[in-house]
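Listed below are the residues making up each chain.
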Amino acid sequence: MKNKYYILMYVAAILGGVLGAYLCARNSIWGFILAALCAMFIIERSVYSWDTAMAKREQKKAAAKKELEEKRRLELEEKEHKYNIAKNELFARNGEPCKTIVISESRFDLFNINNELIVFDKAKKLWLCGHEVSIDDINSFVIDDESTIQKGQITAVTSTDTGSMAGRSIAGAIIGGATAKKQTVLKQENDKIIHDYALVVNIRDINNPMLLIKIGRNKNKAMEINALMQVIMTMK
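Residues numbered from 1 in each chain as written. Predicted model: local features only at pLDDT ≥ 70, side-chain atom pairs only at ≥ 80, totals over all residues. Heavy atoms only, no water.

Novice: I'd love a proper account of the overall build of the chain, names of residues and values included.
Specialist: A tally of helices and strands in the chain yields 3 helices and 12 strands. For the chain, the proportion of its 236 residues judged to be buried stands at 20%. Restricting the contact set of the chain to residue pairs at least 6 apart, pairs at least 24 apart contribute 55%. Summed over its atoms, the accessible surface of the chain is roughly 16800 Å², and 57% of this surface lies on carbon and sulfur atoms. (Helix = DSSP H or I, 4+ residues; strand = E, 2+ residues; numbered from the N terminus. Buried < 20%, exposed > 50% of the residue type's maximum accessible area, 1.4 Å probe, protein only. Contact = heavy atoms within 4.5 Å. Areas by Shrake-Rupley, 256 points an atom, 1.4 Å probe, with all protein chains shown as cover.)

Novice: Tell me about the pairing of strand 11 (residues 197–203), residues and numbers included.
Specialist: Sheet faces and side chains relate simply in a regular strand, where the side chains alternate between the two faces. Strand 11 sits mainly inside the fold: 6 of its 7 residues count as buried. Pairing between strand 11 and strand 12 (residues 210–216): 6 bridges, direction antiparallel. Looking at the pairing, V201 lines up with L211 of strand 12. (Pairing = 2+ DSSP bridges.)

Novice: How would you explain the side chain of K221 if you had to name every residue and give the values?
Specialist: Relative to the assigned elements, K221 resides in helix 3 (residues 219–233). On the basis of relative accessibility, which here comes to 9%, the residue K221 falls in the buried class. Excluding anything up to four places from it in sequence, K221 contacts I101, V102, I103, E105 and I215.

Novice: Tell me about helix 3, and please be specific about residues and values.
Specialist: With 15 residues, helix 3 should reach 21 Å at 1.5 Å per residue; the first-to-last C-alpha distance of 21 Å fits that figure. By the burial criterion, the buried members of helix 3 are K221, A222, I225, L228, M229 and I232. One side of helix 3 carries all its buried residues, which in axial view fall inside an arc of 130 degrees. Counted as exposed and oriented over 90 degrees from the buried face of helix 3: K219 and N220. (Expected span 1.5 Å × (residues − 1). Arc of directions from axis to C-beta.)

Given below as structure tokens:
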């Protein structure tokens, strides 16, 4: 009913505005007053409708955001629950671990037991990101670095002051001008080495003789795992 009422009021205001404009054309002060009142009503209701629509839109966005956050919270709780079950089963078989290293610190790998390197010194077992291995079955290991070189960006710099040029110049040219000579120099940024570390473990298993654990770009993590694996090799 309320919407129908406002629609009728809009129609009445429009008709009143038309009538007011007609009277204004006939130099009637009442026509000017009527047109002004109808225009004010239409503007006020339009602003109100706009504000109401924006408020509803914001409410919907807030409700959708809240729903998404709640969904993520429940998913994280379920993921944590499954993680604790798997961890408890692993600890029940091998006892309490003496060392645990989380491979990736990303939030996407939170509560992921296949993202952990766990050492059970009493059971002489090693959990390698989803693979349970006897330390005695480890033949060797190596930290591999599949690094790539990212070439520095090349930019062209044109200047009349050649003495102020900085950086590594790899090419140049003289360009003639109407009033002065200009020098264009190509400058290249330093190359970058992008590391990609991985732990390669060779084990005594005909069906699965090699395990590859991706570490990523974290050099400190790679060094920590390398040091730990050297200690593990002395436990055989």
